[in-house]
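# Report on the structure
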Amino acid sequence: MMNSASFTGNKLHRLCTCSSFKLECLGRSICFLASSFYRFVILRFNTFLVQLCYFLCLSFQGFWVLKALKPRTPLRPRNLDLFFTSVSAATVSSMSTVEMEVFSNNQLLILTLLMFVGGEIFTSMVELQLWRSKLKKPLIAENQVNSVSNNSSAPPDPRNPFGQFELRVVTVPSMSNSTLETDEVQSQIEGRTKSLSSESLKYHSIKFLGFVVMGYLVVVHVLGVTLVSAYIALVSSARDVLKQKGLKLFTFSLFTTVSTLASCGFVPTNENMIVFSKNSGLLLIIIPQVLLGNTLFPSCLRFSIWTLGKFKKVESNYLLTSTREIGFLHLLPSLHSTLLVPTVLGFILIQFTLFCSMEWNSEGLNGLNSYQKIIGALFQSVNSRHTGETIVDISTLSPAILVLVVVMMYLPPYTSFLPTKGDEQSSEICNGGRKRRRGKIVENLIFSQLSYLAIFIILICITERRKMKDDPLNFTVLNIVIEVISAYGNVGFTAGYSCERLLKPDSSCQSKWFGFSGKWSDEGKIILIFVMFFGRLKKFNMDGGRAWKLL
């Protein structure tokens, strides 16, 4: 019995050992296949296609989750409107065809996640990690070269003297030839080591840059959520708004902070920030977040690298002096990064001056004192570039300001009015540290940004031609231009729709707090979805249209 039991135990032990070994082999095989597929995707596929698939998958996944969750109101939004909202959040465009208070708390959290992972800072951080994985192979090769050079110059091991001899027939070269060959091999090893050392420095610098961007993202978000939550908790007027809307404090703070830093512009209230127009403290908290998440991000990133350079001097110096070699779009050269600050402030000053001079006594600022008007005008001027949060009804602004807003929405975020030197990299579209190269035929067929926008506007005017005829005060060409440029710039400004502007009063018409595109046909909404994707990926086509010469 004892022998039988021991035999059975040994058999079970062997079986378990064999099973664990098989599971370990299976796990290693899966990891190997996953890593191989991962590196294949990184090294083989175009960055544009990867990002396009990323935003498409993100939009469809967001749509299915939003559809599965119950809204706050009994009436569910249409599938097209849900997909439109998901695309708008993923591309940080904040174009809306549904009132925001329709969404439940869980749906608002899903939209928050979409805005976070679709924001430019987060996607650039992921792109850095993917690009860094390409540099692992040179780093391993450097270690191999170092090990070979170390082994070639290592002294014999006294503990194993017999292992140092090998019996074979050799020809003894002359002393001069041997010396030349040794010097040549040594020079080759030194040159290879030097080139690989630069690759190793680049690898570690990109790794350091990735940690800086991650820290920047975390710190600014934590500070933003904390400050917004503290203000609403301390100020009763802001707290009463959330109670009336049925919004949770943490959800509102997180949603608004993520939306602002991602330059999206969604706010979980139907009226956007109009209901907080008298809360100047809240507006002052949001204004720096708008700048830190968009137009001043390169300058703040460069300052962060310089500050943290006390701990990583070699990597920080390489990042600050080798922006072209790094090829990171948001890491601008010193001159461009410095001149970007007065350019951004200059654009804000121009808008602030014009806004105050023409809208000081307007309907949108009624009920505000002088201090609140100044802060509101500053808030509106800062948001017109790429965030899109507003304290006034855009449709009530004067035409001159609307035209200026259209220009501001069209300009890329890192536009620099002052001239910069030739070492500036922002004019080049970098793809994994290398400039994209197109064939001559493809390059000649690519249009400029304005050409595509003109095509989109014409198509929407065709799809909405009947409404433009029946409702000319709402469906104006200027309102359509504002909607298209806002979607292209991923801003979110909209002229809205008002039943009061109907030529023929309609008792069934209800004014809703959503974008002007909410009243468009399904065909017009689909075209605007393409515009949002095109605007989110416009950095890949900033040099288009060069084949066309205007004389």
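Residues numbered from 1 in each chain as written. Predicted model: local features only at pLDDT ≥ 70, side-chain atom pairs only at ≥ 80, totals over all residues. Heavy atoms only, no water.

Attention now moves to the overall build of the protein. Scanning the protein from N- to C-terminus turns up 21 helices and 2 strands. Counting the 551 residues in the protein, one finds 48% classified as buried. For the protein, the share of sequence-separated contacts (at least 6 apart) that also reach a separation of at least 24 residues comes to 79%. (Helix = DSSP H or I, 4+ residues; strand = E, 2+ residues; numbered from the N terminus. Buried < 20%, exposed > 50% of the residue type's maximum accessible area, 1.4 Å probe, protein only. Contact = heavy atoms within 4.5 Å.)

Along an α-helix, residues three or four positions apart point the same way, because every turn accommodates 3.6 residues. If you check helix 2 (residues 47-68), its first and last C-alpha atoms are 32 Å apart, about what 22 residues at 1.5 Å a residue would give, namely 32 Å. Three or more residues of helix 2 are buried, namely Thr 47, Gln 51, Phe 55, Leu 58, Ser 59, Gly 62, Phe 63 and Leu 66. Seen along its axis, helix 2 keeps its buried residues to an arc of 140 degrees; they face one direction. When the buried face of helix 2 is taken as reference, the exposed residues oriented beyond 90 degrees from it are Gln 61, Trp 64 and Ala 68. (Expected span 1.5 Å × (residues − 1). Arc of directions from axis to C-beta.)

The next thing to look at is the UniProt feature "transmembrane region" (unreviewed entry) in the protein. Per the UniProt entry, the sites bearing "transmembrane region" (unreviewed entry) are residues 48-66, 108-128, 208-234, 246-269, 281-306, 326-350, 391-411 and 445-463 in this numbering. Across residues 48-66, the secondary structure splits into 100% helix and 0% strand, with the terminal C-alpha atoms separated by 27 Å. Taken end to end, residues 391-411 comprises 57% helix and 0% strand; its first and last C-alpha atoms sit 22 Å apart. (UniProt positions renumbered as here; feature names shortened; annotations may be inferred.)

Scanning all chains against the criterion turns up 1 disulfide. For Cys 499, the disulfide goes to Cys 509, at an S-S distance of 1.9 Å. On the sign convention where negative means left-handed, the S-S torsion of about -80 degrees between Cys 499 and Cys 509 marks this disulfide as left-handed. Taken together, the positions of Cys 499 in the loop between helix 20 (477-488) and helix 21 (522-536) and Cys 509 in the loop between helix 20 and helix 21 put the pair 10 residues apart, joining distant regions of the chain. By relative accessible area, which is 16% here, Cys 499 ends up buried. Judged by relative accessible area, which is 18%, Cys 509 ranks as buried. (Disulfide = S-S within 2.5 Å.)

This part covers the packing of aromatic side chains. The description of two aromatic rings rests on the distance between their centres and on the angle between their planes. Inspection of the entire model under this criterion finds 16 aromatic pairs. Ring geometry for Phe 252 and Phe 276: centres 5.4 Å apart, planes at 45 degrees, overall tilted. Of this pair, Phe 252 sits in helix 9 (residues 249-261) while Phe 276 sits in the loop between helix 9 and helix 10 (280-293); the two residues are 24 residues apart in sequence, bridging distant segments of the chain. A relative accessible area of 2% means that Phe 252 is categorised as buried. A relative accessible area of 0% places Phe 276 in the buried class. Connected via pairs of aromatic rings, a cluster forms that spans Tyr 410, Tyr 452, Phe 456, Tyr 488 and Phe 534. Over the aromatic face of Tyr 488 sits the side chain of Lys 538, whose NZ or CZ is 5.2 Å from the ring centroid. (Phe/Tyr/Trp six-rings, centres within 6.5 Å; stacked < 30°, edge-to-face > 60°. Lys NZ or Arg CZ within 6 Å of the ring centre and 35° of its normal.)

In this section: the environment of Leu 254. Here Leu 254 lies in helix 9. Judged by its relative accessible area of 23%, Leu 254 falls in the partly exposed class. In this structure, the C-alpha to C-alpha distance between Leu 254 and Ser 229, residues 25 residues apart in sequence, is 8.6 Å. The residues contacting Leu 254, other than those within four sequence positions of it, are Leu 109, Thr 112 and Val 225.

Once that is clear, we can look at the packing of helix 4 (residues 105-118) against helix 9. Following both chains from N to C, one finds helix 4 and helix 9 inclined at 25 degrees, their axes separated by 9 Å at the closest point. Considered as vectors, helix 4 and helix 9 are oriented roughly parallel to each other. Here helix 4 runs over helix 9; the crossing is left-handed. In this structure, helix 4 contributes Asn 105, Leu 108, Leu 109, Leu 111, Thr 112, Met 115 and Phe 116 to the contact, and helix 9 contributes Thr 251, Leu 254, Phe 255, Val 258 and Ser 259. Broken down by class, the residue content of the contact of helix 4 with helix 9 amounts to 8 nonpolar, 4 polar and no charged. (Axes fitted to C-alpha atoms, helices over the stretch in contact; angles between N-to-C directions. Parallel < 35°, antiparallel > 145°, perpendicular 65-115°, else oblique. Left-handed = near helix turned anticlockwise from the far one by under 90°. Nonpolar A, V, L, I, M, F, W, Y, C, P; charged D, E, K, R; others polar.)

Another point: the environment of Val 222. Counting through the fold element by element, Val 222 comes out in helix 7 (residues 175-234). Residue Val 222 is classed as partly exposed on the basis of its relative accessible area, which comes to 48%.

With that settled, the discussion passes to the packing of helix 16 (residues 399-410) against helix 20. Two elements in contact, helix 16 and helix 20, have axes separated by 9 Å at closest approach and are oriented at 25 degrees. Compared by their axis directions, helix 16 and helix 20 come out roughly parallel. Along this stretch, helix 16 crosses helix 20, giving a crossing that reads as left-handed. On the side of helix 16, the interface is formed by Leu 402, Val 406, Met 409 and Tyr 410, while helix 20 contributes Leu 478, Val 481, Ile 482, Ile 485, Ser 486 and Tyr 488. Of the residues contributing to the contact of helix 16 with helix 20, the split by class is 9 nonpolar, 1 polar and no charged.

Between its first and last C-alpha atoms helix 15 (residues 370-383) spans 20 Å; for 14 residues at 1.5 Å apiece the expected length is 20 Å, and the two agree. Those residues of helix 15 not exposed but buried are Gln 372, Lys 373, Ile 375, Gly 376, Ala 377, Phe 379, Gln 380, Ser 381, Val 382 and Asn 383. Taken together, the buried residues of helix 15 touch helix 10 and helix 14 (334-359). In this structure Asn 369 caps helix 15, since a side-chain oxygen of it lies 3.3 Å from the backbone nitrogen of Tyr 371. (Polar contact = N/O pair within 3.5 Å; in protein donor to acceptor, adjacent residues only side chain to side chain.)

On the surface, a cluster of nonpolar side chains totalling about 370 Å² of accessible area is made up of Phe 211, Met 214, Val 218 and Val 222. Along the chain, Val 218 turns up in helix 7. (Patch = residues over 30% accessible without salt bridge, like charges linked within 9 Å, V, L, I, M, F, W, Y side chains within 5 Å. Areas by Shrake-Rupley, 256 points an atom, 1.4 Å probe, with all protein chains shown as cover. Salt bridge = Lys/Arg side-chain N within 4 Å of Asp/Glu carboxyl O.)

Once that is clear, we can look at unusual backbone geometry. Positive phi, close to 55 degrees, is recorded for Ser 94, a residue that is not glycine. Looking at the secondary structure, you find Ser 94 in the loop between helix 3 (79-90) and helix 4. Here Ser 94 falls in the buried class, since its relative accessible area comes to 6%. Backbone geometry places Ser 263, a non-glycine residue, at a positive phi of 60 degrees. When you line up the elements, Ser 263 lands in the loop between helix 9 and helix 10. By relative accessible area, which is 5% here, Ser 263 ends up buried.

Locating Leu 354 in the fold gives a position in helix 14. The spatial distance from the C-alpha of Leu 354 to the C-alpha of Ile 401 is 7.2 Å, given a sequence separation of 47 residues.

Averaged over all residues, the pLDDT of the protein equals 80, while 74% of them reach at least 70. When the criterion is pLDDT under 50, residues 139-178 qualifies, and its contacts beyond four places in sequence or with other chains add up to 17 contacts. Note on residues 188-196: pLDDT under 50 across the span, and 10 contacts to partners over four residues away in sequence or across chains. (pLDDT = per-residue confidence, 0-100.)

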